[in-house]
Amino acid sequence: MESGILDPPVRSKQDHSARQNRRASPYCSHNHRFFPPLTPQLPLSSLTMTRQRSLSGTIPSMETSHEELKENTIIIVLGASGDLAKKKTLPALFGLFRQGFLPRDVKIVGYARTKMDHAEFLKRGTSYIKNPNDDPEQAKAIDDFKSLLSYVSGDYEDGSAFDSLTSHLEEIESHYQSKECNRIFYLALPPSVFIPVAKNLKEHCYVTKGGVNRIIVEKPFGKDTESARELLGSLKKYWTEDETFRIDHYLGKEMVKNILVLRFANVAMNAAWDKNSISNVQITFKEPFGTEGRGGYFDEFGIIRDILQNHLLQVLSILAMERPVSFAAEDIRDEKVKLLRAIPPIERDDVLLGQYVSANGKPGYLDDDTVPRNSVCPTFAAATLWIHNPRWEGVPFILKAGKALNEAKVEVRIQFKDVTQGIFKDIARNELVIRIQPSEAVYLKLNAKTPGLYTRAMPTEMDLTYKRRFIDAQIPEAYEALILDALKGDHSNFVRHDELDVAWKIFTPILHWIDGLAGPRPRPVTYPYGSRGPKELDPFVGKYGYKRASEGYVWPVVSLASL
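Residues numbered from 1 in each chain as written. Predicted model: local features only at pLDDT ≥ 70, side-chain atom pairs only at ≥ 80, totals over all residues. Heavy atoms only, no water.

Enquirer: Hey, could you go over the overall build of the protein for me, with residue numbers and the actual values?
Expert: A tally of regular secondary structure across the protein gives 15 helices and 17 strands. The burial tally for the protein puts 50% of its 563 residues in the buried class. Taking the contacts inside the protein whose residues are at least 6 apart along the sequence as the reference set, 77% of them involve residues at least 24 apart. As displayed, the protein offers around 28400 Å² of accessible surface, 51% of which is attributable to carbon and sulfur atoms. (Helix = DSSP H or I, 4+ residues; strand = E, 2+ residues; numbered from the N terminus. Buried < 20%, exposed > 50% of the residue type's maximum accessible area, 1.4 Å probe, protein only. Contact = heavy atoms within 4.5 Å. Areas by Shrake-Rupley, 256 points an atom, 1.4 Å probe, with all protein chains shown as cover.)

Enquirer: Can you explain helix α6 (residues 194-204)? Please cite residues and give values.
Expert: Those residues of α6 lying buried are Phe194, Pro196, Val197, Ala198, Asn200 and Leu201. Looking at the packing, one finds that the buried side of α6 touches β3 (73-78), α5 (159-173), β6 (182-187), β7 (213-218) and α7 (225-238).

Enquirer: So what about unusual backbone geometry? Which residues, and what values?
Expert: The omega torsion across Gln437 and Pro438 is -15°, close enough to zero to call that bond cis. Mapped onto the secondary structure, Pro438 falls in the loop between β14 (431-437) and β15 (441-449). For Asp105, which is not glycine, the phi torsion reads 60° and is therefore positive. Along the chain, the position of Asp105 falls in the loop between α2 (83-98) and β4 (107-112). The phi dihedral of Asn360 falls on the positive side, at around 55°, and the residue is not glycine. Along the chain, Asn360 turns up in the loop between β10 (351-357) and β11 (380-386).

Enquirer: How would you sum up the sheet that holds β6? Please name residues and give values.
Expert: Taking strand neighbours across the sheet as the criterion, the six strands line up as β5-β4-β3-β6-β7-β8 in an open arrangement whose pairing is parallel. Edge positions in the sheet fall to β5 (149-153) and β8 (244-247), since each has one partner strand and no second. Geometrically, the sheet is characterised by an average inter-axis angle of 20° between neighbouring strands, direction not taken into account. Looking at chain direction, β3 and β6 are connected through six bridges and run parallel. Each residue of the ladder has a partner; that of Ile76, found in β6, is Phe185. Each of β3, β4, β5 and β6 touches α5; the most contacted strand, β4, lies at about 170° to it. (Pairing = 2+ DSSP bridges. Axes fitted to C-alpha atoms, helices over the stretch in contact; angles between N-to-C directions.)

Enquirer: Summarise the sheet that holds β15; cite the residues concerned and give the values.
Expert: Ordered in space as β16-β15-β14-β13-β9-β12-β11-β10-β17, the nine strands form an open sheet in which the pairing is mixed. Only two strands of the sheet have a single partner each, and these edge strands are β16 (457-465) and β17 (525-528). Strand after strand, the sheet turns through a mean of 20° between neighbouring axes, direction not considered. Of the pairings in the sheet, the one linking β11 to strand β12 (residues 396-402) comprises seven bridges and is antiparallel in character. From the neighbouring strand, Phe380 faces β12, where its bridge partner is Gly402. Docked against the sheet, helix α8 (residues 254-264) engages β14 and β15, running at close to 145° with respect to β14.

Enquirer: Now, about the packing of helix α11 (residues 329-341) against helix α14 (residues 497-514): what can you tell me, with residues and values included?
Expert: Running from amino to carboxyl end, α11 crosses α14 at an angle of 20°, the nearest separation of the two axes being 9 Å. On the basis of the axis angle, α11 is roughly parallel to α14. Handedness of the α11/α14 crossing: left-handed. Between α11 and α14, the residues in contact are Arg333, Lys336, Val337, Leu340 and Arg341 and Asp498, Glu499, Val502 and Ile506, respectively. (Parallel < 35°, antiparallel > 145°, perpendicular 65-115°, else oblique. Left-handed = near helix turned anticlockwise from the far one by under 90°.)

Enquirer: Which residues make up empty space enclosed by the protein, and what values do they have?
Expert: In this structure the tally under the stated criterion is four cavities of 30 Å³ or more. Within this model, the largest cavity holds a volume of roughly 70 Å³. What lines the largest cavity is Phe221, Ile247, Asp248, Gln309, Asn310, Leu313, Gln314, Val495, Glu499, Leu500 and Ala503. Those elements that place two or more of their residues in the lining of the largest cavity are α10 (295-320) and α14. A per-element tally of the lining of the largest cavity places α10 first, with four residues. Residues that form the lining of the largest cavity fall into these classes: six nonpolar, three polar and two charged. The calculated volume of the second largest cavity comes to roughly 50 Å³. In terms of lining, the second largest cavity is formed by Lys219, Pro220, Phe221, Gly222, Arg305, Gln309, Asn310, Leu500 and Trp504. (1 Å grid on protein atoms, 1.4 Å probe; cavity = no way out; pocket = protein on both sides within 12 Å on 5 of 7 lines; lining within 4 Å. Points joined across faces, edges and corners; volume = space filled by probe spheres on them. Nonpolar A, V, L, I, M, F, W, Y, C, P; charged D, E, K, R; others polar.)

Enquirer: Tell me about the side chain of Thr284, residues and numbers included.
Expert: Checked against the element boundaries, Thr284 lands in strand β9 (residues 278-286). Those residues in contact with Thr284 that lie beyond four places of it in its chain are Lys400, Lys409, Val410 and Glu411.

The structure is reproduced here in structure tokens:
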């Protein structure tokens, strides 16, 4: 019998239901929120019984007042000559400026060791701000943005250099109408200088009266539990938890933020969100390129520290945490910490390590001149985590990340359990897929009757692809969303110190094994550049109960001819 056939067969009637045209959703371009259409005028008596539509979908706990910076603010980007600043931080600040989200009369000051004049900094600072069609409005916006920028060069460990930075800041602040002075320090820096910079900023550049100070710190936050604790402890000597914003930019991605709403705003979704319905969960990160000359840096950290321990673990914590009391920052972060504390350290048997080799005309990892000879640093890793709580006991969460793979993709794939046997034969499992990037989408793979006179179940999908559904929507860059949160003083999408500590506890034993600190170093299996990954991957995920899609399924199904 064929897959998906009903047993015993049942006569069917042809489906004559008409397809309705999808109605477009009104869109407000300024604040990127979607509002329901206005309802018809109701009698006063009806209004007292009916919830007002204007309140539909709002989240009061996320609208609580934070100490938002609206004026008299300087954003200081430390490491302003580096790649992170010019590729991410400054373009994100421009995006917020273009949309009117930066504080009134804000100024942006770059600070780095590199000596360069004002014109050179403007050129570097705007080199990754795009205007491919020579749009005159965009060109004017870039020119206006340049008027906010200035630059100071100085060493990171020299206190007197930070005094020069303070003199520059005070000159800007001398033109303020009030005494309030707010400073945000963005550390687009390598971790080796975090501590001296944090110390010098506090001792030389900190506003002590009539203002707010905030410091934004980029990953990596250490290399294992011990180094992370040392880093956290040193930062806390100078900056309070309330002043500190630790960025993991995946928490700013639209689809990661959407997980909270998908889970807790939909009864139908939340009802099946546990071990009784879900077989396994995979969180996947794929890059189609290798280290490309940055192998020396990568070899020091590896794919697990680079991707799994932070980005993918953050996604897991939001996927699996319990319902928070509210969407206020501390309530969300409390639940994430509780969830992470229920995850034991990863076992060696639950890990698959790989390293790419040359193929398809592309060099292998060891062909990179910056990589140490005979390095066994993994460029691919799959690790299975287990959550010991009543909701998730026995459900494997498989985190996978790799370089030099066949595509660029980050997604969550939740595979549900098999349908009870007796009616259907070999029917496909349901899957909920959340595509984080590129082409943001949520789709639910389910089984439906094949259209026509023949009664057979076929896999299809309910598809929410953002580009099709929200045609006019402009999805903000993750860094834009996170910098705006820092300006608002909202910690919801930033990593708390205890959350970071428990996250490192999960990964440290396996990292010490890979680093050779707990016995001989494991040798990764090889996989060709441009492939799906190691050939051992399918058996690895298969042993945790994952069943690959049935033959003939293509997403989305555009033709029934082959069925």
